[in-house]
Amino acid sequence: LKIGIVAVQGAVSEHTDAVDGALKNLGARGEHVIVRRPEQAREVDALIIPGGESTTIAKLLDKFEIRNTVITRAREGMPALGTCAGCILLAEEGDLEVDKTGTKLLGLMHMAVDRNAFGRQRESFEAMLRVEGFEDPFEAVFIRAPAITRTWNDCKPLSSFQGKIVMARQENLIATAFHPELTGDTRVHETLINMV
Ligand code: GLN
């Protein structure tokens, strides 16, 4: 199995560790793959879009010419996980700030996002989340986190915090407003790998 991580900007190395840990826990043979070129995006079995700055990542997806490959493969069924900025990019609709900055979303998931939903004064925090499909609560780290304000059609909320949706799934696609790669709990990454 080749689990790709889009590595144009943002929290990449934490995801490589989480992928390695998840593969080990599942007893699956595989490896993480850094994705910066279209041919790398074509050869992976699953893909992670990490946190960082959604505006910057969006621009670099075009510069590195991987935007269209990511969109096509995700539409064809390749499992993908977007965390934080990656969650914003997966969405079909952004908020005013996404519009104002001209951030070009991937538009893959039937959901709308609010880019700084938890406010700037509350830069980062942790919360124990109840996640549909997980037996035990998930310790989630939020860093200048977005929220999912709305989902429609086949996109379903999997977790909420303070009345805001913070995780959703649509078939082969998973979005988390938080960073699941930071605590050593690899269940979100295992869910992605299990979809392959
Ligand atoms: N608020 C950031 C953005 O708009 C995301 C923060 C993060 O990924 N940790 O891109």
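It should be emphasised that the depicted structure is a prediction, and the values quoted were computed from it without experimental measurement.

S.K.: Teacher, can you tell me more about the overall build of the chain here?
M.R.: Looking only at helices and strands, one finds seven helices and twelve strands in the chain. Relative to its length of 196 residues, the chain is compact, with a C-alpha radius of gyration of 15 Å against a globular reference of 16 Å. Considered along the principal axes of its C-alpha atoms, the chain spans approximately 40 × 40 × 30 Å. The buried share of the chain, taken over its 196 residues, is 55%. Accessible surface computed for the chain: about 8,900 Å², of which carbon and sulfur atoms make up 44%. Separation between the mean location of the 23 positive side-chain charges and that of the 28 negative ones in the chain comes to 4 Å.

S.K.: Hey, could you run me through the packing of aromatic side chains in this one?
M.R.: Each aromatic ring pair is summarised here by two numbers: the centre-to-centre distance and the angle between the ring planes. Tallied over the entire structure, the rule returns nine aromatic pairs. Taking the centre distance of 6.0 Å and the plane angle of 40 degrees together, the rings of Phe 134 and Phe 138 count as tilted. Seen in terms of ring centroids, Phe 142 and Phe 161 are 5.8 Å apart; in terms of plane orientation they differ by 25 degrees. Their pairing is stacked. Taken together, the residues Phe 142 in strand E8 (residues 138-143) and Phe 161 in strand E10 (residues 156-161) connect sequence positions 19 residues apart. An identical accessibility class is assigned to Phe 142 and Phe 161; each is buried. Following the ring pairs from residue to residue traces out a cluster consisting of Phe 118, Phe 125, Phe 134, Phe 138, Phe 142, Phe 161 and Phe 178. Over the face of the ring belonging to Phe 118 we find Lys 164, whose NZ or CZ atom lies 5.6 Å from the ring centre.

S.K.: Can you walk me through the side chain of His 110 in this structure?
M.R.: Relative to the assigned elements, His 110 resides in strand E6 (residues 109-114). In terms of polar contacts, His 110 uses its side chain to reach the side chain of Asp 154, at 2.7 Å. Leave out the neighbours within four places in its chain, and His 110 touches Glu 92, Arg 150, Thr 151, Trp 152, Asn 153, Asp 154, Cys 155 and Gln 170.

S.K.: How do you make sense of the site of the ligand when you look at a structure like this?
M.R.: The environment of the ligand is formed by Gly 51, Gly 52, Glu 53, Ser 54, Cys 84, Ala 85, Ile 88, Arg 115, Asn 116, Ile 143, Arg 144 and His 179. Within the backbone of Ile 143, an N or O atom sits 3.0 Å from a nitrogen atom of the ligand. A distance of 3.0 Å is found between a nitrogen atom of the ligand and a side-chain nitrogen or oxygen belonging to His 179. For the ligand, the protein covers 97% of the area, taking 300 Å² as the surface of the free molecule. Within the shell around the ligand, the residues separate by chemical class into four nonpolar, five polar and three charged.

S.K.: Teacher, can you tell me more about the nonpolar core here?
M.R.: Soluble globular proteins tend to pack their nonpolar side chains together in the buried interior. Counting residues in each nonpolar core, the largest one holds 37 residues, and the members touching the most others are Leu 90, Leu 106, Met 109, Met 111 and Ile 148. Counting residues per element, the ones that place at least two in this core are strand E2 (31-35), strand E3 (46-49), helix H3 (54-63), helix H4 (67-76), helix H5 (85-90), E6, strand E11 (164-170) and strand E12 (173-176). Aside from chain neighbours lying at most four places away, what touches Met 109 is Leu 90, Ala 91, Glu 92, Cys 155, Ala 168, Arg 169, Gln 170, Leu 173, Ile 174 and Ala 175. Ala 46, Phe 134, Phe 178 and Ile 193 belong to the second-largest nonpolar core, a separate cluster that totals 32 residues.

S.K.: Just checking my understanding: could you explain the confidence of the model for the chain for this structure?
M.R.: Low pLDDT marks regions whose predicted coordinates should not be analysed in detail. With 99% of its residues at a pLDDT of 70 or more, the chain has an overall mean of 97. The spread of mean pLDDT over the elements of the chain runs between helix H6 (residues 96-100), the lowest at 94, and E12, the highest at 99.

S.K.: Even after reading the chapter, I still don't get the pattern of salt bridges, so can you show me in this structure?
M.R.: Evaluated as defined, the whole model comprises nine salt bridges. Across the pair Asp 62 and Arg 67 runs a salt bridge, and its minimum N-O distance is 2.8 Å. Using a relative accessible area of 33% as the deciding quantity, one classes Asp 62 as partly exposed. Glu 97 is the partner of Arg 115 in a salt bridge, and the nearest nitrogen-oxygen pair spans 3.8 Å. Separated by 18 residues along the polypeptide, Arg 115 in the loop between E6 and strand E7 (124-129) and Glu 97 in helix H6 bring together distant segments of the chain. For Glu 97, a relative accessible area of 21% puts it in the partly exposed group.

S.K.: Would you take a moment to explain the packing of helix H1 (residues 13-26) against helix H7 (residues 187-194) for this structure?
M.R.: Relative placement of two packed helices is described by the angle separating their axes and the distance separating the axes. Where H1 meets H7, the axes come as close as 9 Å, and the angle between the chain directions of the two elements is 70 degrees. Here H1 is positioned roughly perpendicular relative to H7, judged by the angle of their axes. Crossing geometry of H1 relative to H7 is assigned as right-handed. In contact with His 15, Ala 18, Val 19, Ala 22, Leu 23, Asn 25 and Leu 26 of H1, H7 contributes His 189, Glu 190, Ile 193 and Asn 194. By residue class, the composition of the contact of H1 with H7 is six nonpolar, four polar and one charged.

What counts and what doesn't
Residues numbered from 1 in each chain as written. Predicted model: local features only at pLDDT ≥ 70, side-chain atom pairs only at ≥ 80, totals over all residues. Heavy atoms only, no water. Helix = DSSP H or I, 4+ residues; strand = E, 2+ residues; numbered from the N terminus. Rg over C-alpha atoms; globule rule 2.2 N^0.38 Å. Buried < 20%, exposed > 50% of the residue type's maximum accessible area, 1.4 Å probe, protein only. Areas by Shrake-Rupley, 256 points an atom, 1.4 Å probe, with all protein chains shown as cover. Lys, Arg positive; Asp, Glu negative; His and termini not counted. Charge placed at Lys NZ, Arg CZ, Asp CG, Glu CD. Phe/Tyr/Trp six-rings, centres within 6.5 Å; stacked < 30°, edge-to-face > 60°. Lys NZ or Arg CZ within 6 Å of the ring centre and 35° of its normal. Polar contact = N/O pair within 3.5 Å; in protein donor to acceptor, adjacent residues only side chain to side chain. Contact = heavy atoms within 4.5 Å. Near = heavy atom within 4 Å. Nonpolar A, V, L, I, M, F, W, Y, C, P; charged D, E, K, R; others polar. Core = buried A, V, L, I, M, F, W, Y, C linked by side-chain atoms within 4.5 Å. pLDDT = per-residue confidence, 0-100. Salt bridge = Lys/Arg side-chain N within 4 Å of Asp/Glu carboxyl O. Axes fitted to C-alpha atoms, helices over the stretch in contact; angles between N-to-C directions. Parallel < 35°, antiparallel > 145°, perpendicular 65-115°, else oblique. Left-handed = near helix turned anticlockwise from the far one by under 90°.

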